[in-house]
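A structural walkthrough
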Amino acid sequence: MCLVSELLSCCCSGLYRLFRMLLVLSEDHKEHLSFLPKVDAAVVGEFGRIALEFLRRGSSPKIYEGAARKLCVPVEMVQHGVEGLMYLMTESSKHMISEEDFLDSVLVLGFGEDLNQTLLQLYLQHHNQIRSILRQLPSSLPAYHNLEWRLDVQLASRPIRQQVVPMLTMRLLLTGGGDLSRKVLQTDPSTLLHLISTLEAALAAIKTNHARRIFRNIK
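Below, the structure is looked at part by part. (Residues numbered from 1 in each chain as written. Predicted model: local features only at pLDDT ≥ 70, side-chain atom pairs only at ≥ 80, totals over all residues. Heavy atoms only, no water.)

**Some details on the side chain of Glu91**
Along the polypeptide, Glu91 turns up in helix H5 (residues 75–94). A polar contact of 3.0 Å, which involves the side chain of Glu91, links it to the side chain of Lys94. (Helix = DSSP H or I, 4+ residues; strand = E, 2+ residues; numbered from the N terminus. Polar contact = N/O pair within 3.5 Å; in protein donor to acceptor, adjacent residues only side chain to side chain.)

**Some words on helix H3 (residues 41–57)**
In a regular helix each residue adds 1.5 Å, so 17 residues correspond to 24 Å; H3 covers 24 Å between its end C-alpha atoms and thus fits that length. Where H3 is buried, its residues contact helix H4 (61–71), H5 and helix H7 (113–135). Near the N-terminus of H3, the side chain that reaches the backbone nitrogen of Ala42, with its oxygen 3.2 Å away, is that of Asp40. One or two steps after H3, the chain reaches Gly58, where phi turns positive at roughly 95 degrees. (Expected span 1.5 Å × (residues − 1). Contact = heavy atoms within 4.5 Å.)

**Description of the pairing of strand E2 (residues 165–176)**
The pairing of strand E1 (residues 143–154) with E2 spans 11 bridges and is antiparallel. If you follow Asp152 over to E2, its bridge partner there is Met167. Bridge count between E2 and strand E3 (residues 179–187): nine bridges; the pairing is antiparallel. Each residue of the ladder has a partner; that of Leu174, found in E3, is Ser181. (Pairing = 2+ DSSP bridges.)

**Considerations on the environment of Ser181**
Residue placement: Ser181 occurs in strand E3. Along the sequence, Ser181 and Pro142 sit 39 residues apart, while their C-alpha atoms lie 8.5 Å from each other. Among residues more than four places away in sequence, those in contact with Ser181 are Leu172, Leu173 and Leu174.

**A word on the packing of helix H6 (residues 99–106) against H7**
Axes are the key here: two packed helices are described by the angle between their axes and the distance separating the axes. Interaxial distance between H6 and H7 falls to 10 Å at its minimum, and their mutual angle equals 135 degrees. The angle between H6 and H7 falls in the class oblique. Crossing of H6 over H7 shows right-handed handedness. Note on element contacts: H7 touches H6 through Asn116, Gln117, Leu119, Leu120, Tyr123 and Leu124, opposite Glu99, Phe102, Leu103 and Val106. Here the contact of H6 with H7 is composed, by residue class, of seven nonpolar, two polar and one charged. (Axes fitted to C-alpha atoms, helices over the stretch in contact; angles between N-to-C directions. Parallel < 35°, antiparallel > 145°, perpendicular 65-115°, else oblique. Left-handed = near helix turned anticlockwise from the far one by under 90°. Nonpolar A, V, L, I, M, F, W, Y, C, P; charged D, E, K, R; others polar.)

In short, shape yes, function no, at least from these values alone.
Okay, structure coming up:
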């Protein structure tokens, strides 16, 4: 029983770490968001409000022009900043990423801690509302609905009286087009833990200063 409990604990912890979500931002999105450090936190918050309004009702060139006049910058710079912020907020909300994953995702932008915290607060403040808006939009892509799992342990068989053969079965539930689909996955705990450790090593590698410098210079 102690062995089963230990395996169950390791698998639960490992599954949580395995299904962490980090956003991958393209160079275009990074360039659009590079405008944000040039304005103060109040302007970033206003851009967030505009992005949310545009998500509801569509974009408006007049709002871009008005904001550009106030900031004395080109209209395209304001438009790209708002669109980049809209993408960041909608993707984060769509995948329900955690605070930790959000902050890790924006590290590659090279922003200061204050701006990262401002973006995090924007996300936390509006992500439920954004998800509500996204649910009303038509989509043909499958989306995560739920994950069910079961740990089976074979304790004996005809040729072997005493043995411990654990097997983890997972059922991934996806929604798309109004339908619910199921994907069944099965693995032994040692393979799952190996997969988790490999992915964790990759996640740790992209958080290093060396990796961040590479990401900032990838064209």
